[in-house]
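Close look at the chain arrangement
Here is what each chain is made of, one letter per residue.
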Amino acid sequence: MCVGVPMKVVEIDYPMAVAEAKGVKRQINLMLLPEDEVKVGDYVMVHVGNAIEVIDEKEAEEIWKVLDEVMAALEEREDF
Amino acid sequence: MKRERIKELVSLIHEISPKDRKIKIMNVCGSHEHTITYSGMRSLMPENIELIPGPGCPVCVCSESDVINAIRLSQRDDTILVTYGDMLRVPTKEGSIRSSGRNYKMVSAPHEVLKIAKENPEKNVVFFSIGFETTTAPTAALIEMGLPENVTILTSQKLTPEIMEVLVKDEEVGVDAFIAPGHVSAIVGANAWRIFPEEYGIPTVVAGFEPDNLLLAILRILYQLREGRAELENVYRGVVRPEGNVKAQELMYKYFEKADVNWRGIGLIPKSGLEFRKEYDNINAKKVFNLPEIKEEKVKGCICDKIVLGKAYPNECKLFGKVCTPSNPKGPCMVSMEGACNIWYRFGR
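**Thoughts on the side chain of aspartate 86 of chain B**
Residue and element names in this part refer to chain B. Mapping aspartate 86 onto the fold places it in the loop between strand 3 (79–84) and helix 6 (97–100). At 8.0 Å, arginine 89 is the nearest oppositely charged side chain to aspartate 86, a buried residue that forms no salt bridge. Within the local environment of aspartate 86, its side chain forms a polar contact with the side chain of serine 336, the two groups lying 3.2 Å apart.

**Regarding unusual backbone geometry**
Cis rather than trans, the peptide bond between tyrosine 14 of chain A and proline 15 of chain A has omega equal to 5°. Looking at the secondary structure, you find proline 15 of chain A in the loop between strand 1 (5–13) and strand 2 (16–21). One non-glycine residue with positive phi stands out, namely asparagine 290 of chain B, at about 50°. Locating asparagine 290 of chain B in the fold gives a position in the loop between helix 14 (285–288) and helix 15 (304–308). Exposure remark for asparagine 290 of chain B: the relative accessible area of 66% places this residue in the exposed category.

**A few points about the packing of aromatic side chains**
Aromatic ring pairs are reported here in terms of the distance separating the ring centres and the angle at which the planes meet. Residue and element names in this part refer to chain B. A complete count under the given rule lists eleven aromatic pairs over all chains for this structure. Geometrically, the ring pair formed by phenylalanine 320 and tyrosine 345 is edge-to-face, given 6.4 Å between the ring centres and 80° between the ring planes. Taken together, the residues phenylalanine 320 in the loop between helix 15 and helix 16 (332–335) and tyrosine 345 in helix 17 (residues 340–347) connect sequence positions 25 residues apart. Residue class for tyrosine 345 comes out partly exposed when judged on its relative accessible area of 29%.

**Comments concerning the domain arrangement of chain B**
Residues and elements named next belong to chain B. Split into domains, chain B comes out as domain 1 (2–53 + 170–234), domain 2 (59–160 + 244–288) and domain 3 (304–347). Of note, the centres of domain 1 and domain 3, computed from C-alpha atoms alone, are 22 Å apart. Facing 15 residues of domain 1, the contacting portion of domain 3 comprises twelve residues. Between the two partners, domain 1 and domain 3, sit two salt bridges. Residue glutamate 172 is joined to lysine 311 by a salt bridge in which the shortest nitrogen-to-oxygen separation is 3.6 Å.

**Section: the interface of chain B and chain A**
In this assembly, 42 residues from chain B lie in contact with 36 residues from chain A. Taken together, both faces of the contact between chain B and chain A bury some 3,300 Å²; the carbon and sulfur share is 63%. Between glutamate 53 of chain A and arginine 241 of chain B there is a salt bridge, with the nearest N and O atoms lying 2.8 Å from each other. Looking at the side of chain B that touches chain A, the element that brings in the most residues is helix 8 (residues 133–144) of chain B, giving six residues. Looking at the side of chain B that touches chain A, its residues break down into 23 nonpolar, ten polar and nine charged.

**What to know about the sheet that holds strand 6 (residues 151–158) of chain B**
All names here are of chain B. Strand order in the open sheet made by the six strands is 4-3-5-6-11-10, with mixed pairing throughout. At either margin of the open sheet sits one strand with a lone partner, and together these are strand 4 (104–107) and strand 10 (256–263). Taken pair by pair, the neighbouring strands of this sheet meet at an average axis angle of 30°, ignoring direction. Direction of pairing for strand 5 (residues 124–131) relative to strand 6: parallel, over a ladder of seven bridges. Following the sheet pairing, phenylalanine 128 is matched in strand 6 by leucine 154.

**A closer look at the nonpolar core**
Counting 119 residues, the largest nonpolar core has Ile28 of chain A together with Met87, Phe128 and Trp193 of chain B as its most contacted members. Once residues within four sequence positions are removed from consideration, isoleucine 28 of chain A is found in contact with Met7, Pro15, Met16, Ala17, Ala19, Val44, Val46, Gly49 and Ala51 of chain A together with His111 of chain B. Met41, Leu51, Leu219 and Leu225 of chain B belong to the second largest nonpolar core, which has 25 residues in total.

**Details of the pairing of strand 10 of chain B**
All names here are of chain B. Where strand 10 and strand 11 (residues 267–276) come together, seven bridges link them in antiparallel fashion. Paired with lysine 258 across the strands is leucine 274, a residue of strand 11. Here strand 10 hands over to strand 11 after three residues, with glycine 265 in that stretch at a positive phi of 80°.

**With respect to the pairing of strand 3 of chain B**
Residue and element names in this part refer to chain B. For strand 3, the buried fraction is high: six of the six residues fall into the buried class. Bridging between strand 3 and strand 5 involves four bridges; their strand directions are parallel. Each bridged residue has a counterpart across the sheet, and for threonine 79 the counterpart in strand 5 is asparagine 124. Looking at chain direction, strand 3 and strand 4 are connected through four bridges and run parallel. Along strand 4, the bridge assignment pairs threonine 83 with methionine 106.

Quick notes on the rules
- Residues numbered from 1 in each chain as written.
- Chains lettered and ligands numbered in written order.
- Predicted model: local features only at pLDDT ≥ 70, side-chain atom pairs only at ≥ 80, totals over all residues.
- Heavy atoms only, no water.
- Helix = DSSP H or I, 4+ residues; strand = E, 2+ residues; numbered from the N terminus.
- Buried < 20%, exposed > 50% of the residue type's maximum accessible area, 1.4 Å probe, protein only.
- Lys, Arg positive; Asp, Glu negative; His and termini not counted.
- Salt bridge = Lys/Arg side-chain N within 4 Å of Asp/Glu carboxyl O.
- Polar contact = N/O pair within 3.5 Å; in protein donor to acceptor, adjacent residues only side chain to side chain.
- Phe/Tyr/Trp six-rings, centres within 6.5 Å; stacked < 30°, edge-to-face > 60°.
- Domains from an automatic or database assignment.
- Contact = heavy atoms within 4.5 Å.
- Buried area = accessible area lost by both parts, 1.4 Å probe.
- Nonpolar A, V, L, I, M, F, W, Y, C, P; charged D, E, K, R; others polar.
- Pairing = 2+ DSSP bridges.
- Axes fitted to C-alpha atoms, helices over the stretch in contact; angles between N-to-C directions.
- Core = buried A, V, L, I, M, F, W, Y, C linked by side-chain atoms within 4.5 Å.

Pasting the structure below:
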C-alpha cells in the first residue's frame, strides 16, 4: 500500500494524468503537485495513484532497480 | 559497481562504528524494513549495531475500532465499503472485512472511489482511508477534486513524526538514531525531523530504499555518533525536499486537523493522527453514520504492540510462524506486507 513507484507522465488532463512504468499505463492523480510543476515526459514518484513529487530520470531508474529486485525476491516466495 | 559500493560502505561502517557500546538504529518505514531484511543487512552489521523496525506499518496500527466500524458498514445493504487491499484481512474480534463483510471493494488509489460512486448512485460509498502522510495526502486530493453526494470517508490516519516523539521519550525503547522514512518525508519535508537532533540529541538521516542508500544513512549516523554530533541529514535528496510537498501539506490541513487517536495495541496518543475538521462533518463517515468507539480486544499472545514500538522482534512472539503466518494472520503485524512480522516471515531476518 505504502510502496512508492516512479512513473513517467505520458498524458495530462490536470488533475488527472496517464503515467507509465515498465510498459504498464495507469491513471494517476496530479492534484498534490501544482499544475505548472509537472509536464508530459516528467518522472514522478507515485503513491496510491498520486504523484507526490517530480524526480529526475536517473533517480527513477535507480529506484526501479531496487523494485525489480524486491519483486524477484517476492516471486521466489509465493507462500503468503 | 553497486556491489563494490556496498562492500565499501559496509567496511567503512565496521571501521568507524563505536565499539564500546550498543547502538540502536530505528527505521520507521515498512519499505526500509523490507530492504534491510531481504538484503540481509543485519548480518552485515557489526555486532553492537542493532537495526530495529519501529512503527512503519500503518495497517498494523490502525485501531481495531475503525476496522470493526468498516466491517459493520460493509454489512449494510445500502452501503459499499471501499478500501486498500491490505485492510481486507486485518483480524478483529468481529472477523475481517473479507471474512465478515458483505459489500466491499478494493482500490489501489483513492480516485477509483469516484468510479465506484458513479456506478452505484443508489448506494452510500464509504472510503476507509487509512495510513500515514503518504496516503492521507492522496485522500485530501480526492476530496479536493469534489466528492459525489453518495461518498463519505472513514478516516484512520496517523502522523509519523508524532509517534516517533512518543518513542524517543520511552526509555524501554532507547533509540540512539533514526532512519527517517523517504516517502513520508517527501510529503512532510526533511525539516519535520529536525526536532529529533535538535531537541532530543538523536541523529536522524532521511533515506531512500536502495540498500546502498540505507547503508549510507547508517554510515552518516555512525559518523555523527562517533563525533558526538546530532544533526539532520538527507541522503534521499532526489525525492525529498527540506520543506517537503507544500501543496500536499496544505491540502491535508485544509480538510483535517491533528487529533488524539488510537493506535492498535498501544492506546490513545495525543495529537498523533488526523481527523476531519468540524466543517466537513457532511463527508465524515464517523459523523454521518454516528459510528461508536469500540473497545479493543487484544489477540491472546500477540505482541504486535511491542513490535510496533521497537520493544521486541517478531521472532520473540510465541505465535510467530507457528499459528500466526501471512496466510493465517492472528495479529495485524502479520497481515500487511509492510508489517515487521510479515516481512520477517517471508525473508527471515
